[in-house]
Amino acid sequence: MSFRHKHILGTEQLSREDIELILDTAESLREINSREIKKVPTLRGKTIVNLFYEASTRTRTSFEIAGKRLSADTINMTASTSSVTKGETLEDTAKNIQAMKPDIIVMRHSASGAPHYLAQRVDCSIINAGDGAHEHPSQALLDLLTIRQRKGRLEGLTVAIVGDITHSRVARSDLYAMTKMGMKVRFCGPGTMVPPGIERLGAEVFTDMDDAVRDADVVMMLRIQLERQGKTLLPTLREYARLYGLNPARLALAKSDVIVMHPGPLNRGVEISSYVANGSRSVILNQVENGVAVRMALLYLVAGGDHSEA
Amino acid sequence: MASNETVILDSAGIGRALTRIAHEILERNKGTEGLVLIGIRSGGDHLARILGQRITQIEGEKIPLGTIDITMYRDDLGSRGSLPLGKTEIPFPLDGRKVVLIDDVLFTGRTIRAAMDALVDIGRPKNIQLATLIDRGHRELPIRADYVGRNVPTSREEKILVEFAADNNPVEVRLVKP
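1. Describing empty space enclosed by the protein
Scanning the model with the defined rule gives three cavities of 30 Å³ or more in all. Around the largest cavity, the lining residues are A:Ser28, A:Leu29, A:Glu31, A:Ile32, A:Arg35, A:Val40, B:Asp69, B:Met72, B:Tyr73, B:Leu85, B:Gly86 and B:Thr88. Within the lining of the largest cavity, the residues separate by chemical class into six nonpolar, three polar and three charged.

2. Quick word on the interface of chain A and chain B
Accessible area lost during the coming together of the parts is what is often quoted as the interface size. Contacts between chain A and chain B engage 22 residues on the former and 15 residues on the latter. Carbon and sulfur atoms make up 61% of the area that chain A and chain B hide from each other, which totals about 1600 Å². Along the contact surface separating chain A from chain B lie four residue pairs in polar contact (both at pLDDT 80 or more). Contributing elements (two or more residues each) for the side of chain A that touches chain B: α1 (16-33) and α12 (284-304) of chain A. Of the residues assigned to the side of chain A that touches chain B, the class counts are eleven nonpolar, six polar and five charged.

3. Some remarks on the sheet that holds strand β1 (residues 5-9) of chain B
Residues and elements named next belong to chain B. Taking strand neighbours across the sheet as the criterion, the three strands line up as β1-β8-β7 in an open arrangement whose pairing is antiparallel. The strands lining the two open edges of the sheet, one partner per strand, are β1 and β7 (159-164). Each neighbouring strand pair of the sheet contributes to a mean axis angle of 30°, computed without reference to strand direction. Across six bridges, β7 lies against strand β8 (residues 170-176) in antiparallel orientation.

4. Considerations on the packing of aromatic side chains
If you walk through the whole model with that rule in mind, you get one aromatic pair over all chains. Both rings, one in A:Tyr240 and one in A:Tyr244, keep their centres 5.6 Å apart while their planes meet at 35°; by these two values the pair is tilted. Residue A:Tyr240 and its partner A:Tyr244 are both found in helix α9 (residues 237-244); the two are separated by four residues, about one turn of the helix. The same class applies to A:Tyr240 and to A:Tyr244, which are both buried. The ring of A:Tyr117 carries the charged tip of A:Arg121 above its face, separated from the ring centre by 3.8 Å. Lying across the ring of B:Phe107, B:Arg136 places its NZ or CZ 3.9 Å from the centre.

5. Focus on the environment of A:Ile32
All names here are of chain A. When you line up the elements, isoleucine 32 lands in helix α1. Sequence separation between isoleucine 32 and arginine 121 is 89 residues; the distance between their C-alpha atoms is 35 Å. Each residue touching isoleucine 32, except ones within four places of it in the same chain, is listed here: Lys38, Lys39, Val40 and Met296.

6. Brief notes about the pattern of salt bridges
Residues and elements named next belong to chain A. Tallying each qualifying case throughout the model produces 27 salt bridges over all chains. Taking the shortest distance from any N to any O, the salt bridge between glutamate 20 and arginine 16 comes out at 3.5 Å. Highlighted residues: glutamate 20 and arginine 16, both in helix α1, separated by four residues, approximately one helical turn. Relative accessible area serves as the criterion here: at 30%, glutamate 20 is assigned to the partly exposed category. The exposure class of arginine 16 is partly exposed, given its relative accessible area of 29%. A salt bridge links aspartate 210 to arginine 250; its shortest N-O distance comes to 2.9 Å.

Reading guide: rules and limits
Residues numbered from 1 in each chain as written. Chains lettered and ligands numbered in written order. Predicted model: local features only at pLDDT ≥ 70, side-chain atom pairs only at ≥ 80, totals over all residues. Heavy atoms only, no water. 1 Å grid on protein atoms, 1.4 Å probe; cavity = no way out; pocket = protein on both sides within 12 Å on 5 of 7 lines; lining within 4 Å. Points joined across faces, edges and corners; volume = space filled by probe spheres on them. Nonpolar A, V, L, I, M, F, W, Y, C, P; charged D, E, K, R; others polar. Contact = heavy atoms within 4.5 Å. Buried area = accessible area lost by both parts, 1.4 Å probe. Polar contact = N/O pair within 3.5 Å; in protein donor to acceptor, adjacent residues only side chain to side chain. Helix = DSSP H or I, 4+ residues; strand = E, 2+ residues; numbered from the N terminus. Pairing = 2+ DSSP bridges. Axes fitted to C-alpha atoms, helices over the stretch in contact; angles between N-to-C directions. Phe/Tyr/Trp six-rings, centres within 6.5 Å; stacked < 30°, edge-to-face > 60°. Buried < 20%, exposed > 50% of the residue type's maximum accessible area, 1.4 Å probe, protein only. Lys NZ or Arg CZ within 6 Å of the ring centre and 35° of its normal. Salt bridge = Lys/Arg side-chain N within 4 Å of Asp/Glu carboxyl O.

Next comes the structure, spelled out in structure tokens:
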């Protein structure tokens, strides 16, 4: 089969077959990242603009490396150094970038739906690199790739995702993608951090972390965003760490071959203890490594695609 | 089989052609020293495996076997859509090796161009030779095979199908008229 999406806006729009194709493509591309010359000429002459309205190190670097390994020209635009600070609207910025004829815009924005808004107004492909509390599809796909490598399958696995579910675009993208792949998703966090009604999207909700982690195949910890809601939704960080932090004792409740994931950056000692983050069950750095391969796959599939069902 | 199809080689014919090519490779390279076989996905990788077995039978020595996927090196991205990728598996260094590249059908030569570009990104072979089961002509690039199973004059509109069984062994080669 071939890939028929012009844009990657979220995992909600992807079918199970799409996800399998992306993961298989990424798996093949991993070989390039282990070569001495880490470059193939596939996207030669294509221009990719990384348009980032929110701070990001991992995702932006990962997309930039992915583009460069495919020989595309990648340009980074960050809100703090661009005309956005001079009051330009999103649409005007996009139209101006469009006039320079890029092939793909990789976009991160603090507003949910910003990439969807742009996708309707420009001709090039849009890849969502995180929009508000909505979706972060490339993160969910690299999570799936990492799980599939470690477990050899996805179907039937139980994943516990713990933390601020309400504000997590990673949790939402993971939920859409994982349920499509036949996985069971458990969401766990304090009542202030789990959106009401999320069960209707197929998640099981827990407030007691021990219950959520028990017999899980995968435990994924989300970052408490100290700079934002951390202050209003929690009494104290110490209490949060005690109730919702992943420590060795809690991890022992999960299956013996459990893997520990985290989208980063880590708050060591808050949601995850250093002992667990550095431990043998942790695949956090494998996630980062797979991120490059997954983003190469997305760029390749979008750039070469036949967009008849865009 | 449809009436517009002709069998050019049956499985015995393919086997004899591969045996001859194995002898020719050994003769030209004076044995297996520094020799590696790399099959182009998909089709060439299966033929490379069989050639490897023949060479082992003849010389009593195993030679390294690799496969290469050239999708990322194609020059027609966008006009055909994103094709699914296969894996490139070359678990040995190429530097200084004599590489025999193996494809099932040699046609325009563009696949071979892509495969050579892919190889030189991975290492610096001493030389690259080309073996193909069928050479059907119509080259668009200055590329020529060193070892050919069968030369088949074709028109551009005709197709050559190399059919493999479920166990990846070749069954027959057919010429399909439009």
